[in-house]
Amino acid sequence: MAATVFYLDDIPEPGAVAVLDGPEGKHAATVRRTRVGEAITLSDGHGVLADSEVIAAQRDRLELRVLDRTLAEPVAPRATVVQALPKSDRSELAVELMTEAGADAIIPWQAARCVANWEGKAAKGVGKWQAAARSAARQSRRAYIPEVADLHRTADVLASIRKAKARGAIVAALHESGAARFTELPFADVTEIVLIIGPEGGLADTELTTFTDAGATPVLLGPTVLRTSTAAAVALGALGALTPRW
């Protein structure tokens, strides 16, 4: 069984001692009850992985001997999810699921039909999503923690679509009116994919038209209608099988 992953911003060279404290140290030492002699994998969340051994354990704090360091290659093609804000009780669940399924970047989007509204509290919402992404990345033992962007409005999403298309990306807007099927897009031929997930009420007609005009392709993911909180994870799972990501 692979060693548990914990995140540390600055990982020292092999042979040196790393200190895991703060929230990560509390989770490792107090919640997980990690003890001296146990193996732990450290990561900086940006691809660096280090095998280590616990040499001292205190309340909310571990000392670890770093044994080696490697750099994990990022998966390709890179997958960004533009996620319309789900209802509050499923908001962080959406982030957890898409992180476990492999999202590389997450963009929270205040879509027209969102029930949730982050106006005036966007920083708090983004902070919760960042924490959810970090926790889910640890659970799934990822070397890379997904980047969570600031809250985007539709104009911001439109600008992101145009930039992605200029880089040669596929931008897929999941929608039940899509004439193309998700599996028909040439995902394996590009280095970047952007998935647009609408809110529970679906993409507004004006949003779909605007995004399509900017180069997005409306696509039908599958035969059933999914919740906004689960659609990204299902799409990312399909991408894993359709591309070299898996």
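Each residue is numbered by its place in its chain's sequence as written, counting from 1. Local features in a predicted model are, by the rule used here, given only for residues with pLDDT of at least 70; side-chain atom pairs are given and counted only at 80 or more, and totals for whole chains, interfaces and linings are based on all residues. To get the side-chain values, take all heavy atoms of the structure and skip hydrogens and water.

By the naming in an unreviewed UniProt entry, the chain is Ribosomal RNA small subunit methyltransferase E, taken from Nocardia callitridis. UniProt positions are given in the numbering used here, feature names are shortened, and annotations may be inferred rather than shown by experiment. Quoted verbatim from the Catalytic activity (unreviewed entry) field of the UniProt record, the comment on the chain reads "uridine(1498) in 16S rRNA + S-adenosyl-L-methionine = N(3)-methyluridine(1498) in 16S rRNA + S-adenosyl-L-homocysteine + H(+)". Recorded in UniProt for the chain, the comment headed Function (unreviewed entry) runs: "Specifically methylates the N3 position of the uracil ring of uridine 1498 (m3U1498) in 16S rRNA. Acts on the fully assembled 30S ribosomal subunit."

Trainee: An account of the pattern of salt bridges is requested, with residue identities and associated values reported.
Mentor: The salt bridge criterion pairs a side-chain nitrogen of Lys or Arg with a carboxyl oxygen of Asp or Glu, the two atoms within 4 Å. With the rule as written, the count across this model stands at nine salt bridges. Residues E147 and R78 are paired through a salt bridge, measuring 3.3 Å at the closest nitrogen-oxygen approach. With E147 in strand β8 (residues 147-148) and R78 in strand β6 (residues 78-84), the pair connects residues that are 69 residues apart, well separated along the chain. Buried means the residue's accessible area, taken with a 1.4 Å probe over protein chains only, is under 20% of the maximum for its type, while exposed means over 50%, and partly exposed covers the values in between. Given a relative accessible area of 31%, R78 falls into the partly exposed group. For R153, the salt bridge identified is with E119, shortest N-O distance 2.9 Å. Residue R153 is located in the loop between β8 and α4 (154-166), and its partner E119 is located in the loop between β7 (105-109) and α3 (122-139); the two are separated by 34 residues in the primary sequence. Three or more residues joined by partner-sharing salt bridges are found here, namely E24, R134 and R138. Helix and strand labels come from DSSP, where a helix needs a run of H or I of at least four residues and a strand needs a run of E of at least two; each type is numbered from the N terminus.

Trainee: Could you give an account of the pairing of strand β1 (residues 4-7), with specific residues and numbers?
Mentor: With burial as the criterion, each face of β1 is covered, one bearing T4 and F6 and the other bearing V5 and Y7. Any two strands between which DSSP finds at least two bridges are classified as paired. Sheet analysis places β1 next to strand β3 (residues 39-43), joined by four bridges and oriented parallel. Looking at β3, one finds that F6 is bridged to L42.

Trainee: Explain the nonpolar core to me, using residue names and the numbers behind them.
Mentor: Residues grouped as a nonpolar core are buried Ala, Val, Leu, Ile, Met, Phe, Trp, Tyr and Cys residues, joined through side-chain atoms within 4.5 Å. W109, L174, L195, I196 and L236 are the most contacted members of the largest nonpolar core, which totals 55 residues. Looking at this core element by element, the count peaks at six residues for helix α6 (residues 228-242). Counting 15 residues, the second largest nonpolar core, distinct from the first, contains L20, I40, V48 and L62.

Trainee: I'd like a rundown of the sheet that holds β3, residues and numbers included.
Mentor: Here five strands make up an open sheet; going across it, the order is β1-β3-β4-β5-β2 and the pairing mixed. The sheet is open, and its two edges are formed by β1 and β2 (17-20), each paired on a single side. Neighbouring strand axes in the sheet, compared pairwise and without regard to direction, differ in orientation by 40° on average. Fitted lines through C-alpha atoms serve as axes, helices being fitted only where they are in contact, and the angles separating the N-to-C directions of these axes extend from 0 to 180 degrees.

Trainee: Lay out the packing of aromatic side chains in plain terms, naming residues and giving numbers.
Mentor: Each aromatic pair joins two rings of Phe, Tyr and Trp (for Trp, the six-membered one) with centres within 6.5 Å, and gets the label stacked for planes under 30 degrees apart, edge-to-face for over 60, and tilted for any other angle. Applying the stated criterion to the full structure yields three aromatic pairs. With a centroid separation of 5.5 Å and an interplanar angle of 55°, the aromatic rings of W109 and F211 are classed as tilted. Here F211 lies in helix α5 (residues 205-213) and W109 lies in strand β7, a separation of 102 residues in the sequence. When its relative accessible area of 0% is taken as the criterion, W109 is described as buried. Residue classification places F211 among the buried residues on the basis of a relative accessible area of 0%. Centre to centre, the rings of W118 and W129 are 5.2 Å apart; their planes meet at 75°, and the pair counts as edge-to-face. You can see W118 sitting in the loop between β7 and α3 and its partner W129 sitting in helix α3, a full eleven residues away along the chain. By the burial criterion, W118 is buried, and W129 matches it.

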